[in-house]
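# Structural features, examined
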Amino acid sequence: MIQLFLRDIGLSVRSGGGFGLALIFFLIVVTLIPFALGPDPSALAVIAPGVLWLGALLACLLSLDRIFGLDFEDGTLDLLATSPLPLESVYMAKASAHWLTTGLPLSLAAPVLGVLLNLDYETGKILCLSLLLGTPALSLIGAFGASLTLGVKRGGLLLSLLVLPLYVPSLIFGAQAVRLAGQALEYDVALVILSAISLGAAAILPFASGAALRINLR
Amino acid sequence: MNSTPIAPTLSDRFWRLANPKIFMGWSSKLLPWIAAAALASLCSGLIWGYFFTSDDMRQGSTVKIIYLHVPAALMAINGYLLMFVGALVWLIRRQHVSVLAAKAAAPVGMVMTLIALATGAIWGQPMWGTYWVWDPRLTSFLILFLFYVGYIALWAAIEDEDTAADLTSVLAIVGAVFAMLSRYAVLFWNQGLHQGTTVTMADGAKQENISDAFFQPLLLSMAGFGLLFLTLLLIGTRTEVRARRLKVLQARERIE
């Protein structure tokens, strides 16, 4: 399992793996927002939490079909299915590798990009924390969606359609936590629920995803 | 052991109803009656509601939208519930009819969600001064609509019938969990304009509830929508069963 995890990280960091792609996409979204909405700093500070969360979510979405797609095409996944490692663990290894190569860098980059949107330092810290707690859920749900749409040709759009409604709770609580922090209000509850969603996803989705993988490999 | 036949238990008899052949038998007998009952209660409920009740003191005649709005919303939620149950039964007992019923329920439920959203928007314009607000109830319905669309799209995207049935069932179950989660998440996110539940059977908060004059025709049209849903569901499921049989026949023809 650790081997598989390291292999996936290695593959995605190398060129063509989409490691930088998510970050660059995130940067582009954040750069384009002021052009669309005007450069007024106070207005930008109001929308910054939402925009940064949304940007991170969309950037996360970009690389989802890579999680299982290439391994399914070249038959690696069939080999993994016959190995003693259960497919649930394969899913966990791949989802955590996806998180380490997209969720983690996005969380760390978000406060820096927040400066562009006039987000103050304290709120930036909460933004980073909320993304750290929330992006695991995004990777887990995304990997589940990827395992559902494995056999579908050009399943990218279908994948987003399936995954986006599942992302709604994480987005709501994540952006809400940062917004509350920006107004100097209590934000603990939102963060707790956000981490609860991530933990719940980690507890339930491996089984759903393992089942979906097994069905697709039948 | 002697070959004494074991008497079928009640549960055996119940599950036998889901045998495709037996299902086609009883559903074809039942369908006209349910359809007639749906038509009768819908017509009487709507006509009673639209022409023989007085206007509301504050809302005027727009209150009559309730006879479409509330039943449609009710069926939108029950449709998803039915899909969830159908998916569970399929994954546990491999009853083909149950997953076909779930498949047939999806488009009906989606249209019910659309009706609820559309009538809600038309009602919202005179009452709240806007067609759409990002209110918890409205937002949950929009998300419910997306769930329906995703479910139908996944059915359409996968060629192999059994694979599609399995994968959509997994999606329906995970989706049900997240639909509940979204429901409470949006409550946290925004306090809304939409009123709370005013159609309850309980006597407790009598003053909050709508008056009997509106409630009786509403009950009738709710039953009508329920029966209409059942009718469409049975027709849809029968069509799916027939489509399967047709495929088998075509495949057999190709072999011979």
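Placed above this text is the structure.
Structural notes, computed from the coordinates. Bear in mind the structure is a predicted one, so any value in this text is a computation, not a measurement.

## Considering the overall build of chain B
When its secondary structure is counted, chain B shows seven helices and zero strands. Order of helices (α) and strands (β) in chain B, N terminus to C terminus: α-α-α-α-α-α-α. Buried positions account for 36% of the 256 residues belonging to chain B. For chain B, restricting intrachain contacts to residue pairs at least 6 apart in sequence, the fraction spanning at least 24 positions comes to 77%.

## Comments concerning the nonpolar core
Residues and elements named next belong to chain A. One finds Ala56 and Ile141 to be the most contacted residues of the largest nonpolar core, which totals 136 residues. In terms of residue count, the dominant contributor to this core is helix H8 (residues 156-182) (15 residues). Residues within four places of Ile141 in sequence aside, it is in contact with Val163, Leu166, Tyr167, Ala201 and Leu205.

## Remarks on the interface of chain B and chain A
With 21 residues of chain B at the interface, the matching set in chain A holds 22 residues. Mapped onto the side of chain B that touches chain A, the elements with two or more residues apiece are helix H5 (136-157) and helix H6 (161-189) of chain B. The element best represented in the side of chain B that touches chain A is H6 of chain B, accounting for twelve residues. Classifying every residue of the side of chain B that touches chain A gives 17 nonpolar, three polar and one charged.

## Details of the environment of Ser41 of chain B
All names here are of chain B. Summarising the element assignment, Ser41 is placed in helix H2 (residues 20-51). Here Ser41 falls in the buried class, since 20 other C-beta atoms lie within 10 Å of it. With 186 residues separating them in the primary sequence, Ser41 and Leu227 have C-alpha atoms 8.5 Å apart. The residues contacting Ser41, other than those within four sequence positions of it, are Leu220, Ala223, Gly224 and Leu227.

## Quick look at helix H4 (residues 96-128) of chain B
Residue and element names in this part refer to chain B. With 33 residues, H4 should cover 48 Å at 1.5 Å per step; its first-to-last C-alpha distance of 46 Å lies within 8% of that length. Its axis deflected by about 25° at Ala106, H4 carries its strongest bend there, up to four residues before the proline Pro107. Looking one or two residues past H4, Gly129 carries a phi angle of roughly 80°, positive in sign.

Rules used throughout
- Residues numbered from 1 in each chain as written.
- Chains lettered and ligands numbered in written order.
- Predicted model: local features only at pLDDT ≥ 70, side-chain atom pairs only at ≥ 80, totals over all residues.
- Helix = DSSP H or I, 4+ residues; strand = E, 2+ residues; numbered from the N terminus.
- Buried ≥ 20, exposed ≤ 12 C-beta atoms within 10 Å, placed from the backbone.
- Contact = placed C-beta atoms within 7 Å.
- Core = buried A, V, L, I, M, F, W, Y, C linked by C-beta atoms within 7 Å.
- Nonpolar A, V, L, I, M, F, W, Y, C, P; charged D, E, K, R; others polar.
- Expected span 1.5 Å × (residues − 1).
- Bend = angle between axes of the 7 residues up to and from the residue.

Geometric values such as these leave the question of function open.
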